[in-house]
Amino acid sequence: GAGVSQSPRYKVAKRGQDVALRCDPISGHVSLFWYQQALGQGPEFLTYFQNEAQLDKSGLPSDRFFAERPEGSVSTLKIQRTQQEDSAVYLCASSPDRPNTGELFFGEGSRLTVL
Amino acid sequence: AQSVTQLDSHVSVSEGTPVLLRCNYSSSYSPSLFWYVQHPNKGLQLLLKYTSAATLVKGINGFEAEFKKSETSFHLTKPSAHMSDAAEYFCVVSRMYNNNDMRFGAGTRLTVKP
């Protein structure tokens, strides 16, 4: 597609449920990032992939958070046993390997509300 | 390590008047600096970027920013605000040419009054 696509756009989960958020990056983009944006805050880094390799997961807040990109394209962020503090917008971004201008291309985000 | 501080959480201007959104950065490396804009229910969009070329950077929609190393600042300006400029603006720092470690500021909400 023309841009980064995320689904679902909105998700309401009951506390304790598992959720899966999908990201379709721009075709051919090597790098893929997940960010968490709490209400009234700037995006916070969660994890980074280069192709299928997860090179940095230092921002994942707990072992309930898991991300994968098995074929180096689509990525899924999974949150197990959701808690209220997980409520946020989850942003996916991608960037090409060449040229590396540092620019990230963002999707519109998946807004998660945990009740 | 790097970080940015956006000095104003909210800025309100009248249509047709200048816009100034302030950003200070801290970086152990030569930085790349960016301004992104986020309209409601829209994805973040790049306004402009500094990556060691000219220190005065021009972006889309009439915005520009000046990299001042001595002041560790990268303030965003526009001569004349338009109603469509109302949005959230984020200043971002990363290691130059390395987008693996981008750090966002907390954001500045720009309101434009008619």
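How each quantity is defined
Residues numbered from 1 in each chain as written. Chains lettered and ligands numbered in written order. Predicted model: local features only at pLDDT ≥ 70, side-chain atom pairs only at ≥ 80, totals over all residues. Heavy atoms only, no water. Helix = DSSP H or I, 4+ residues; strand = E, 2+ residues; numbered from the N terminus. Rg over C-alpha atoms; globule rule 2.2 N^0.38 Å. Buried < 20%, exposed > 50% of the residue type's maximum accessible area, 1.4 Å probe, protein only. Contact = heavy atoms within 4.5 Å. Areas by Shrake-Rupley, 256 points an atom, 1.4 Å probe, with all protein chains shown as cover. Core = buried A, V, L, I, M, F, W, Y, C linked by side-chain atoms within 4.5 Å. Salt bridge = Lys/Arg side-chain N within 4 Å of Asp/Glu carboxyl O. Disulfide = S-S within 2.5 Å. Pairing = 2+ DSSP bridges.

Trainee: Just to check I follow, could you spell out the overall build of chain A for this structure?
Mentor: Looking only at helices and strands, one finds zero helices and eleven strands in chain A. Listed by position from the N terminus, the elements making up chain A come as β-β-β-β-β-β-β-β-β-β-β. Against the globule reference of 13 Å for 115 residues, chain A gives a C-alpha radius of gyration of 13 Å, in line with a compact fold. By principal-axis analysis of the C-alpha atoms, chain A measures approximately 40 × 25 × 25 Å. The 115 residues of chain A split such that 46% are buried. Taking all contacts inside chain A whose residues are at least 6 apart in sequence as the whole, residues at least 24 apart take part in 52%. As presented, chain A carries roughly 5700 Å² of accessible surface, and 46% of it is formed by carbon and sulfur atoms.

Trainee: Looking at this structure, how should I read the environment of B:L7?
Mentor: Residue and element names in this part refer to chain B. Structurally, L7 is set in the loop between β1 (2–6) and β2 (10–14). In this structure, the C-alpha to C-alpha distance between L7 and F74, residues 67 residues apart in sequence, is 11 Å. Those residues in contact with L7 that sit more than four places away from it in its chain are R22 and N24.

Trainee: Sorry if this is basic, but what is going on with the nonpolar core here?
Mentor: Among soluble globular proteins, nonpolar side chains are generally buried collectively. Core analysis: the largest hydrophobic core is formed by 26 residues, its most contacted members being B:W35, B:L48, B:L76 and B:Y89. Of all hydrophobic cores here, the second largest spans 20 residues; its members include A:V4, A:A13, A:F49 and A:L60.

Trainee: For this particular structure, what's the right way to read the pattern of salt bridges?
Mentor: Charged atoms that come close allow side chains of opposite charge to pair. Residue and element names in this part refer to chain B. Within this structure, the stated rule accounts for eight salt bridges over all chains. The salt bridge partner of K58 is E64, with a shortest N-O separation of 2.8 Å. The class of K58 is exposed, set by a relative accessible area of 61%. E64 gets classed as partly exposed once you look at its relative accessible area, which sits at 23%.

Trainee: How should I be thinking about the state of the cysteines in this particular structure?
Mentor: Two cysteines, two sulfur atoms, one covalent bond between them: this is a disulfide. A complete count under the given rule lists two disulfides over all chains for this structure. Disulfide partner of A:C23: A:C92, at an S-S distance of 1.9 Å. Every disulfide takes its handedness from the sign of the S-S torsion; for A:C23 and A:C92 that torsion is -70°, giving left-handed. Here the residue A:C23 occupies a position in strand β3 (residues 19–24), and A:C92 occupies one in strand β9 (residues 88–95), the gap between them amounting to 69 residues. The residue that forms a disulfide with B:C23 is B:C91, at a sulfur-sulfur distance of 2.0 Å. Handedness of the B:C23-B:C91 disulfide follows from its S-S torsion of about -70°: it is left-handed. Of the two residues, B:C23 sits in strand β4 (residues 23–27) while B:C91 sits in strand β10 (residues 87–95), which places them 68 residues apart along the sequence.

Trainee: Looking at this model, I keep getting lost on the pairing of strand β8 (residues 75–79) of chain A. Mind explaining?
Mentor: Regular strands show a simple pattern: their side chains alternate between the two faces of the sheet. Residues and elements named next belong to chain A. Of all five residues in β8, four are buried; the element is thus mostly enclosed. One ladder, built from five bridges, connects β3 with β8; its direction is antiparallel. Paired with V19 across the bridge in β8 is I79. The pairing of strand β7 (residues 65–68) with β8 spans four bridges and is antiparallel. Bridge assignment links A67 to a residue of β8, and that residue is L77. Linkage of β7 to β8, two consecutive antiparallel strands, is achieved through a turn of six residues, within which G72 is found at a positive phi near 75°.

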